[in-house]
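Here is how the chains run, residue by residue.
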Amino acid sequence: MKRLRVLVTALALATASAATAPAAHAADKVLHAFLSTGETALDPAVASDLASLSLLENLFEPMLRYDYSARPVKLAPSALREMPASDDSGTVWTFQLKPGMYFSDDPAFKGKKREVVAADYKYAIERLFDPALKSPWLFMFENNLAGLEVVDKYTLRMRLKARDPSLLFYLALPATGAVAREVAEAYGSQMGNHPVGSGPFVIEEWKRSDKITLAANKGYHQVWQGQRLPLVDKVEVKIMEEYQSRVLGFLNGEFDYIEQVPESMRDMVLEPSSPQPVLKKELAARGMVLSPFPVLQTYYMWMNMDDPVIGGYSKEKVALRRAIALGYNSPEDVALLKKGLAIPAQSPLPPNVLGYDPAYRSPISYNPKLAKALLDRYGYKLGKDGFRTLPNGQPLALVMHSEPTMVGRLRDELWRKNLTALGIRVSFKTDKKTEIIKASRLGKVQMFETNWIADFPDGDNFFQLLYGPNSGRANYARFNLPEYNSRYEKARQLSDGPERNQLYRELNQLIHAYNPWVPLIHPISADIQQPWLKNYKRHPVELTNWRYLDIDGKRNMTPSLH
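It should be emphasised that the depicted structure is a prediction, and the values quoted were computed from it without experimental measurement. (Residues numbered from 1 in each chain as written. Predicted model: local features only at pLDDT ≥ 70, side-chain atom pairs only at ≥ 80, totals over all residues. Heavy atoms only, no water.)

**What to know about the packing of aromatic side chains**
Part 1 of the argument: Under the counting rule described, the total for this entry stands at 20 aromatic pairs.
Part 2 of the argument: Measuring from ring centre to ring centre gives 5.0 Å for Phe34 and Phe255, while their planes differ by 65 degrees; the resulting arrangement is edge-to-face. Of the two residues, Phe34 is situated in strand S2 (residues 30–35) and Phe255 in the loop between helix H6 (243–251) and strand S14 (257–258); the sequence distance between them amounts to 221 residues.
Part 3 of the argument: Phe34 sits in the buried class, given a relative accessible area of 13%.
Part 4 of the argument: Here Phe255 falls in the buried class, since its relative accessible area comes to 1%.
Part 5 of the argument: For the pair Phe139 and Tyr170, a centre-to-centre distance of 6.2 Å together with 80 degrees between the ring planes defines the contact as edge-to-face. Taken together, the residues span a long stretch of sequence, with Phe139 in the loop between helix H3 (118–127) and strand S7 (145–152) and Tyr170 in helix H4 (residues 167–170) at a distance of 31 residues. We note that Phe139, like Tyr170, is buried.
Part 6 of the argument: Each residue in the set Trp137, Phe139, Phe141, Phe169, Tyr170 and Phe456 is aromatic and connected to the rest through ring pairs, giving one cluster. (Phe/Tyr/Trp six-rings, centres within 6.5 Å; stacked < 30°, edge-to-face > 60°. Helix = DSSP H or I, 4+ residues; strand = E, 2+ residues; numbered from the N terminus. Buried < 20%, exposed > 50% of the residue type's maximum accessible area, 1.4 Å probe, protein only.)

This is how it looks when you write it as structure tokens:
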């Protein structure tokens, strides 16, 4: 309560003390943003965490990007002269690059300007197949790429074994952005510490997992609404892992916008009495603007299928995982922890992605009575201490990894309460998310709550998270079921439609039959922008919109609360 009073007082001071600071020099427009977790390494073939991808999409240039204004989302040429064309079979694609695009300067180029050519996109895709990189993006081309041919300096031809309806989505990702071979060879395994791309920004300063300053790439080729991008000179990005620090920083004017206001901080900025997100009157009076946004994102808790305690495909192992899923109190999570800014997840697919079925309902919902009966039936006996044993009589003890944040601690308590109610003992091991992800890929994590935000707006991007060959990459649960794999492979060959939708229903049923995941929620993001920020519009797929944003010369700032 004491902390709450301090936060409320701070908000009142910030509101009452709003003042106008001297305008920044017109030639030095700086966008102030934050990332919620630290980046890993900035190698587009390797990175898959949100923080790193947010930076990479500003440093590397894919052949396609999304039209910033189009809703529903639409792909548009970026490094290409025009949208690519295929032959009648849909397996041979030709890509015509724009001439005159250049990589940012780097010693690897020995003092020469390095133009982007077709061979750079060929090399970027070939790097995904390098076994030493263990690229989480290999699934996009694995088993289907028949060949890449550099026809001439600005023309690339791609041959597929079978048509892939998601191909163009892949070509809008940082993972397929142009990479210069000489940079990769110069830095080797350290390339992730020396990102050299042809995107709208370059790295000016990099303090690992603390602060990243991006400077505008003055030679960037894209024009938007008659203006050359990017519109700001710099982007200062801070790593802010604590939710409270993000909100107070925004209220202090340290950040130009905040996306996905933390549920635990909701009452600081939104009207507590309103069931729908409504900005507090005092903040609206300062010119702030609220934009509720349905994120293409799924939160889930995965369980390691290779783990000797919780993993496996035998009936007693499935029963344990299903009991855990039945014990998850979704209504309490949405109402109390998410403060209503979420909808329960029925499957891996969030609304508004291709393949989402609004009528589908999970057969597993909160039912602790059934969960206990299931554990009893399969030999997880309740001991005198109130906790269960394994069928072999050994103690049943689970370990869930979590993040050392306030919300991480709240999530721990939710799971402790849910599992203790079933007689399951659980302990928590905290670490930075980047370290947990690294350990997860090695199969060293038993259970963890995480989330996936769409790389592209198609169901394939979510169902691939449980595809067996993706174990050790994006398939953290290490789920490897032949029945699932074969259906997923068949669905990948199909465009959105009834036949693929039926396969998606079957994939959902297999997930709920074996329970490698507990699907949790799809968030509704409360996004707020400062009055001086121009052109802000959250994109459903791209993680950042920094290249389009502009800063009003009359930027208002609130004084520090410290």
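**Comments concerning the pairing of strand S9 (residues 201–207)**
Regular strands place their side chains on alternate faces of the sheet.
Part 1 of the argument: Pairing of S9 with strand S10 (residues 211–216) involves six bridges; the strand directions are antiparallel. Bridged to Glu205 within S10 is Thr213. (Pairing = 2+ DSSP bridges.)

**A word on H6**
Part 1 of the argument: Judged by how many residues are buried, H6 sits mostly within the fold: seven of nine residues are covered.
Part 2 of the argument: Among the residues making up H6, those that are buried are Tyr243, Arg246, Val247, Leu248, Gly249, Phe250 and Leu251.
Part 3 of the argument: Downstream of H6 by a residue or two, Gly253 has a phi angle that is positive, lying close to 85 degrees.

**Quick notes on the pattern of salt bridges**
Part 1 of the argument: By the definition in use, this model includes 31 salt bridges.
Part 2 of the argument: Here Arg65 makes a salt bridge to Glu61, at a shortest N to O gap of 2.7 Å. Across the pair, exposure class does not vary: Arg65 and Glu61 are buried alike.
Part 3 of the argument: Between Lys122 and Glu126 there is a salt bridge, with the nearest N and O atoms lying 2.5 Å from each other. Within this pair, Lys122 and its partner Glu126 are both found in helix H3, separated by four residues, close to a single helical turn.
Part 4 of the argument: Where salt bridges share partners, they join Arg114, Asp120 and Glu182 into one cluster. (Salt bridge = Lys/Arg side-chain N within 4 Å of Asp/Glu carboxyl O.)

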